[in-house]
Amino acid sequence: MPFRDFDSITLGHGGGGKLTQTLLENGVFSLLNNDWLTGQDDAANLVLDGKYAFSTDTFVVSPVIFPGGTIGDLAVNGTVNDLAVSGAKPEYLSLSFILEEGLQGAEFWEILLSIRNACSETGVKVVTGDTKVVEKGKGDKIFINTTGIGKIHSSAKLGMKNIRPGDKILLSGPPARHGIAIMSKRQGLEFETTLTSDTRPLHLICMQLIEQFESGIRFMRDPTRGGVATVLHDIVRHTNLGIEIRENSLPLENEVAGACEMLGFDPLFVANEGLFVCVVSPEISDACLHTLQTWKHGAQAAVIGNVVNEHPGGVLMHSKIGGKRMLPQASGELLPRIC
Amino acid sequence: MKYLDEFRDSVLVHKLLRKIRSTVTQPWHIMEVCGGQTHGLVRHGILDMLPEQIRMIHGPGCPVCVTPVALIDKAIDLSMRNNVILCSYGDMLRVPGSSISLQQARARGGDIRILYTPLEAVTIARNNPSKEVVFFAVGFETTAPANALSVLQAHKAGLRNYSVLSAHVLVPPAIEAIMSDPGTIVNGFLAAGHVCTVMGLSEYEPLVEQWKVPIVVTGFEPVDLLEGIWMVVSQLENGEYRLENQYRRVVSKNGNRVAIEWIRQVFEHRTREWRGIGEIPLSGLFLREKFKHYDALQKFGEPEIQAGKQEDCRSGDIMKGKIKPPDCPHFGNKCTPVFPLGAPMVSSEGACAAYYQYRQK
């Protein structure tokens, strides 16, 4: 146990003195060992060449350890995925912690381990970072910010401006796993489920799709907060086109569907951490679906709808029974219903 | 998914639609009492699939929508006190009070917890003996048993720091009020399936007899709703009025006797104000004298009624079926789910929310 000197985080760990040094050297640096970190310079020196994507995200999830992952997995995979869906191969990350006084050392260690594992899996290097500690009650155990850069693939021609009527909308797998896994552990809502978060890096599959289909891939986005519906609304708002989706085509898992029915959620509004929406030209949609379905997490990938000229700015859902309705926009916090 | 997919079956739905079309010969106004049914109708696109002669009227069965502003203000006031933890269902959070909502109160420092069951609030009370834990109990007969049970449990455990702010309302007095309005246009009712799961059928017989109106206890899925509508239309076309039970797989004649007994032990019926509608005699559940220690109104005082404040929201007209949500001048412009003027725009069972979410564009 590398944190034998302390069992919980104190304000002193953020003071910049010996305690901070112990925390970094025995914890962060020992796990994420690389020349940039051990050099302990004020800034990482990087040699870059070409076109890069640059993205930042902050992670505040509660509980910090949940079925299928930790806030550490999210912090690495989240930024990695923002780069990946932009057509970039993630290379470097910054990693900043805001720790709340009293955070258990063992819990922090588990989070650090998951950060290390996620970095190894994606091959991304943490090259700079920061640690601050706030008084008890001023945080929620741990907040993490990561910022990442990655080189954009030369064949990537991604952007909402490339989306055309007739394009197909693909979903890489079943939605809502992450949100439901988190919800099942929230106080006041706990329910039994074997569901785990879908947190995972998407860079390999995204790169594969770009290499294979180049400009046939118009746009990709990972639907995190706000879910798939929010991504679809982003698309129609920016393009002033419409989208039609078919309820029958959505790859819904039974357990997710059941939990959503019970809580009164629409799975299209629930968060995901390892899923992406992909808009592709109609000519390649079958081949693209095939590639997605042969990916190890893509067995349930599906074409869920298409882009249309009609009802610009709106997302139309064809219900299972043949009715039609507009898919609403998320209006904020997801709240479980009354009965 | 089992027990759901069968009731969202496209073939069955279209078979029922054909039956309705071949039965109906003249215009009928049918009220679905429960907001959950309204959402089912709109969400599955059923309103546009029905023949033109059938007009659905969206009833007052959204408990959040009819909770009086004064009670919401009381809940907000309590939540802002240092020693109070206020618990409620998620639906209540965004509903506007006279100045702010519970969600805004939480942002201002109120300790507000969203729960799925009031029994969790009893646990919170047990774990926080120095705090007063108040459960804002909203709902029809469906949620009343759990809220009653929370009081019985707190009583049994001798907890003195738990209380209930009851905003409970009852369905039969609301149907009575709608039918006794001389201007009513309602020809038949889909009664709320889940309410009857608890209460059974007996309360509805007298209403059918007195008002000579068909009432069909109905579920919430497309096949349920269409079968319920067909059963009402068949009665109307034959000049009949009966109580029928479409939701037989869930609702039994006598209801849930244990749940009814919990409600009876803890609550009594008194006149209640319904937001947007007005007072309805014996339509609310209030804590009995024996449990007054668990009554937040006894403990913290009655809410102050803000006199003379006119609400722009026309929820009352909507819930009585006088206008449809899009007919309200504020719908979609001054009133949206983010900036609601009234509760029906934010409640998961509110008619305005259903129209705004699924029918805009």
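Here the structure is a predicted model, which is why all the values come from computation and not from measurement. (Residues numbered from 1 in each chain as written. Chains lettered and ligands numbered in written order. Predicted model: local features only at pLDDT ≥ 70, side-chain atom pairs only at ≥ 80, totals over all residues. Heavy atoms only, no water.)

**Thoughts on the overall build of chain B**
The helix and strand inventory of chain B stands at 15 helices and eleven strands. Here the C-alpha radius of gyration of chain B, 20 Å, is about what a compact globule of 361 residues would show, namely 21 Å. Seen along its three principal axes, the alpha-carbon backbone of chain B occupies a region of about 65 × 45 × 45 Å. Classification of the 361 residues of chain B by burial places 59% in the buried group. At a minimum sequence separation of 6, the contacts of chain B that also span at least 24 residues come to 77%. For chain B, the exposed surface amounts to about 14,600 Å²; the carbon and sulfur share of it is 50%. In chain B, 40 side chains carry a positive charge and 37 a negative one; their mean positions are 4 Å apart. (Helix = DSSP H or I, 4+ residues; strand = E, 2+ residues; numbered from the N terminus. Rg over C-alpha atoms; globule rule 2.2 N^0.38 Å. Buried < 20%, exposed > 50% of the residue type's maximum accessible area, 1.4 Å probe, protein only. Contact = heavy atoms within 4.5 Å. Areas by Shrake-Rupley, 256 points an atom, 1.4 Å probe, with all protein chains shown as cover. Lys, Arg positive; Asp, Glu negative; His and termini not counted. Charge placed at Lys NZ, Arg CZ, Asp CG, Glu CD.)

**A closer look at the interface of chain A and chain B**
It is common to give the size of an interface as the accessible area that goes away when the parts come together. Taken residue by residue, the interface counts 32 residues in chain A and 42 residues in chain B. Taken together, the two surfaces of chain A and chain B that pack against each other cover about 3,000 Å², and 57% of this comes from carbon and sulfur. At the junction of chain A and chain B, the tally comes to one salt bridge. Arginine 8 of chain B is paired through a salt bridge with glutamate 261 of chain A; the nearest N and O atoms lie 2.7 Å apart. Our enumeration of links across chain A and chain B arrives at six residue pairs in polar contact (both at pLDDT 80 or more). Put simply, the parts of the chain that give the side of chain A that touches chain B at least two residues each are helix H8 (254-263) and strand S13 (324-326) of chain A. A total of six residues in the side of chain A that touches chain B trace back to one element, the largest contributor, which is H8 of chain A. (Buried area = accessible area lost by both parts, 1.4 Å probe. Salt bridge = Lys/Arg side-chain N within 4 Å of Asp/Glu carboxyl O. Polar contact = N/O pair within 3.5 Å; in protein donor to acceptor, adjacent residues only side chain to side chain.)

**Focus on the sheet that holds strand S6 (residues 162-166) of chain B**
Residue and element names in this part refer to chain B. With parallel pairing, the four strands of this open sheet are ordered in space as S4-S3-S5-S6. Each edge of the sheet is formed by a strand with only one pairing partner; in this case those strands are strand S4 (112-114) and S6. Mean inter-strand twist for the sheet, computed between neighbouring axes without regard to direction, equals 25 degrees. Relative to the sheet, helix H4 (residues 69-79) contacts strand S3 (84-88), S4, strand S5 (132-137) and S6, its axis offset from that of S3 by approximately 140 degrees. Against the sheet, helix H6 (residues 118-127) makes contact with S3, S4, S5 and S6, and its axis sits at roughly 170 degrees relative to S5, the strand it touches most. (Pairing = 2+ DSSP bridges. Axes fitted to C-alpha atoms, helices over the stretch in contact; angles between N-to-C directions.)

**With respect to the sheet that holds strand S9 (residues 242-246) of chain A**
Residue and element names in this part refer to chain A. Ordered by their spatial adjacency, seven strands build an open sheet running S8-S10-S7-S11-S9-S12-S13, and the pairing between neighbours is mixed. The sheet terminates laterally at strand S8 (217-221) and S13, the two strands that pair on one side only. Within the sheet, the average angular offset between the axes of one strand and its neighbour, ignoring direction, is 25 degrees. Where S9 and strand S12 (residues 315-318) come together, four bridges link them in parallel fashion. Paired with arginine 246 across the two strands is histidine 318, which belongs to S12. Set on the sheet, helix H9 (residues 285-294) makes contact with strand S7 (168-171), S8, strand S10 (277-280) and strand S11 (302-308); between it and S7 the angle comes to about 5 degrees.

**Looking at the packing of aromatic side chains**
Residue and element names in this part refer to chain B. Counting across every chain of the model gives seven aromatic pairs over all chains. Measuring from centroid to centroid gives 5.3 Å for tyrosine 89 and phenylalanine 135, while their planes differ by 85 degrees, and the two rings are edge-to-face. Highlighted residues: tyrosine 89 in the loop between S3 and helix H5 (102-107) and phenylalanine 135 in strand S5, separated in sequence by 46 residues. Both residues of the pair, tyrosine 89 and phenylalanine 135, belong to the buried class. Over the ring of tryptophan 230 we find lysine 19, and its NZ or CZ is 4.0 Å from the ring centre. (Phe/Tyr/Trp six-rings, centres within 6.5 Å; stacked < 30°, edge-to-face > 60°. Lys NZ or Arg CZ within 6 Å of the ring centre and 35° of its normal.)

**A word on the domain arrangement of chain A**
Residue and element names in this part refer to chain A. Split by domain assignment, chain A resolves into domain 1 (11-152) and domain 2 (160-326). One C-alpha centre belongs to domain 1, the other to domain 2; they are set 28 Å apart. Taken together, the two surfaces of domain 1 and domain 2 that pack against each other cover about 1,700 Å², and 64% of this comes from carbon and sulfur. Interface area lost by domain 1 to domain 2 is led by Pro67, Asn81 and Val85, which between them contribute 33%. (Domains from an automatic or database assignment.)

**Let's talk about the state of the cysteines**
Residues and elements named next belong to chain B. Under the defined criterion, the tally for this structure stands at one disulfide over all chains. With its sulfur 2.2 Å from that of its partner, cysteine 62 forms a disulfide with cysteine 65. Between cysteine 62 and cysteine 65 the disulfide shows an S-S torsion of about 70 degrees. By sign, it is right-handed. Each member of the pair, cysteine 62 together with cysteine 65, is buried. (Disulfide = S-S within 2.5 Å.)

**Here we look at the nonpolar core**
All names here are of chain B. In this structure, Leu102, Phe136, Tyr162, Phe189, Tyr204 and Ile215 are the most contacted members of the largest nonpolar core, which totals 90 residues. Discounting chain neighbours no more than four positions away, the residues touching phenylalanine 136 are Thr67, Leu71, Ile72, Ala75, Cys87, Ser88, Met92, Leu102, Leu165 and Ala167. In this structure, Val13, Trp28, Met56 and Tyr358 belong to the second largest nonpolar core, which totals 38 residues. (Core = buried A, V, L, I, M, F, W, Y, C linked by side-chain atoms within 4.5 Å.)

**Some points on the packing of helix H6 (residues 203-213) of chain A against H9 of chain A**
Residue and element names in this part refer to chain A. Direction vectors running N to C along H6 and H9 enclose 150 degrees, while the axes themselves pass 11 Å from each other. Comparing their axes, H9 and H6 come out roughly antiparallel. The way H6 lies across H9 gives a crossing that is right-handed. Contacts between H6 and H9 pair Ile205, Gln208, Leu209, Gln212 and Phe213 from the former with Ala287, Cys288, Thr291 and Leu292 from the latter. For the contact of H6 with H9, the per-class residue count stands at six nonpolar, three polar and no charged. (Parallel < 35°, antiparallel > 145°, perpendicular 65-115°, else oblique. Left-handed = near helix turned anticlockwise from the far one by under 90°. Nonpolar A, V, L, I, M, F, W, Y, C, P; charged D, E, K, R; others polar.)

**Some thoughts on the environment of lysine 320 of chain B**
Residues and elements named next belong to chain B. Mapped onto the elements of the fold, lysine 320 is located in the loop between helix H14 (315-319) and helix H15 (351-359). Overall, lysine 320 belongs to the partly exposed group, its relative accessible area being 28%. Apart from the residues lying within four places of it in its own chain, the contact partners of lysine 320 are Met31, Ile57, Asp181, Gly276 and Ile277.

**A word on empty space enclosed by the protein**
All names here are of chain B. Per the stated rule, a full pass over the model turns up four cavities of 30 Å³ or more. Quantified by volume, the largest cavity comes out at close to 90 Å³. Lining the largest cavity are 15 residues, with Cys313, Ile318, Cys328, Cys335 and Cys352 positioned closest to its centre. When its residues are assigned to classes, the lining of the largest cavity shows eleven nonpolar, three polar and one charged. Roughly 50 Å³ of volume is contained in the second largest cavity. Elements with a contribution of two residues or more to the lining of the second largest cavity: helix H2 (35-43) and strand S2 (54-61). Partitioned by chemical class, the residues of the lining of the second largest cavity number five nonpolar, five polar and one charged. (1 Å grid on protein atoms, 1.4 Å probe; cavity = no way out; pocket = protein on both sides within 12 Å on 5 of 7 lines; lining within 4 Å. Points joined across faces, edges and corners; volume = space filled by probe spheres on them.)

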